[in-house]
Amino acid sequence: MKRIFVNPWRNDTEHRSFSQNAGSDIVYRVDFSKCASSRGTSVSSVAWTGDSSLTIADETVTSGVADGTVTGTSSCRGTIKVSATFADGDKEIQLLSILVDDK
């Protein structure tokens, strides 16, 4: 599992890089709870979107923490966009750049 804590005090979208082996299922946990707390609101939904080279499954969100399982079947480089929508209508975006290696 890869855990990502989203900094609530930054002013732009944060981009993080990860790598994984081809065929492996890795859970990415993106924690938006501090962002929600600092805004005095809660996370109402989280959407995961990505390149066609990566598969996203088992998407859940609990108490402001979003989980998604990412798989890449062959060598590729892709980006996953994790977008949280808060109860007050604001949004927060986390970008995950994922390098899949089949060596």
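See the structure printed just above.
Before going into details, it helps to say that this report is about the structure given with it. Here the residue numbers are simple positions, counted from 1 along each chain's written sequence. In view of the model being predicted, local features appear only for residues whose pLDDT reaches at least 70, and side-chain atom pairs are presented and counted only at 80 or more, with totals across whole chains, interfaces and linings using the full set of residues. Computation of side-chain values covers all heavy atoms of the structure but excludes hydrogens and water.

So, about the overall build of the protein chain. Each helix corresponds to a stretch of at least 4 residues labelled H or I by DSSP, and each strand to a stretch of at least 2 residues labelled E; elements are numbered beginning at the N terminus. Helix and strand counts for the protein chain stand at one helix and eight strands. Starting at the N terminus and ending at the C terminus, the protein chain contains elements arranged as β-β-β-α-β-β-β-β-β. With C-alpha atoms as the basis for the radius of gyration, the globule rule is written as 2.2 Å multiplied by the number of residues raised to the power 0.38. Since a compact globule built from 103 residues should have a radius of gyration of about 13 Å, the 14 Å found for the protein chain is in line with a globular shape. Seen along its three principal axes, the alpha-carbon backbone of the protein chain occupies a region of about 45 × 25 × 20 Å.

What follows concerns the sheet that holds strand β2 (residues 14-21). For two strands to count as paired, DSSP must find a minimum of two bridges between them. The four strands are arranged β2-β8-β7-β4 in an open sheet whose pairing can be described as mixed. Looking along the sheet, the strands with just one partner apiece sit at the ends: β2 and β4 (43-50). Each strand of the sheet is rotated relative to its neighbour by a mean of 20°, with strand direction disregarded. In this analysis, axes come from line fits to C-alpha atoms, helices being fitted only over the stretch in contact, and the angle between any two N-to-C directions falls in the range 0 to 180 degrees.

This part is about the nonpolar core. In plain words, nonpolar cores are sets of buried Ala, Val, Leu, Ile, Met, Phe, Trp, Tyr and Cys residues tied together by side-chain atoms within 4.5 Å. Relative accessibility under 20% of the residue-type maximum defines a buried residue, over 50% an exposed one, and the middle range a partly exposed one, all with a 1.4 Å probe and only protein chains included. If you look at the biggest cluster of nonpolar residues, it comprises 24 residues, and the most contacted ones within it are Y28, W48, I80 and L96. Counting only elements with at least two residues in this core, the list comes to β3 (25-31), α1 (33-39), β4, β6 (65-71), β7 (76-86) and β8 (91-101). Looking at this core, the element that brings in the most residues is β7, giving five residues. With residues near it in sequence (within four places) discarded, Y28 still touches K2, I4, F18, Q20, W48, A66, D67, G68, V70, L96 and I98. Any two residues whose heavy atoms approach within 4.5 Å are treated as being in contact.

This next bit is on the pairing of β6. Counting buried residues along β6, seven of its seven residues qualify, which places the element largely inside the surrounding structure. Residues V65, D67, T69 and T71 point to one face of β6 and A66, G68 and V70 to the other, with burial holding for every one of them. In the sheet, β3 pairs with β6 via seven bridges, with the strands oriented antiparallel. The residue of β6 that forms the bridge with D31 is V65. Looking at chain direction, strand β5 (residues 55-62) and β6 are connected through six bridges and run antiparallel. Bridge pairing in β6 links T60 to D67.

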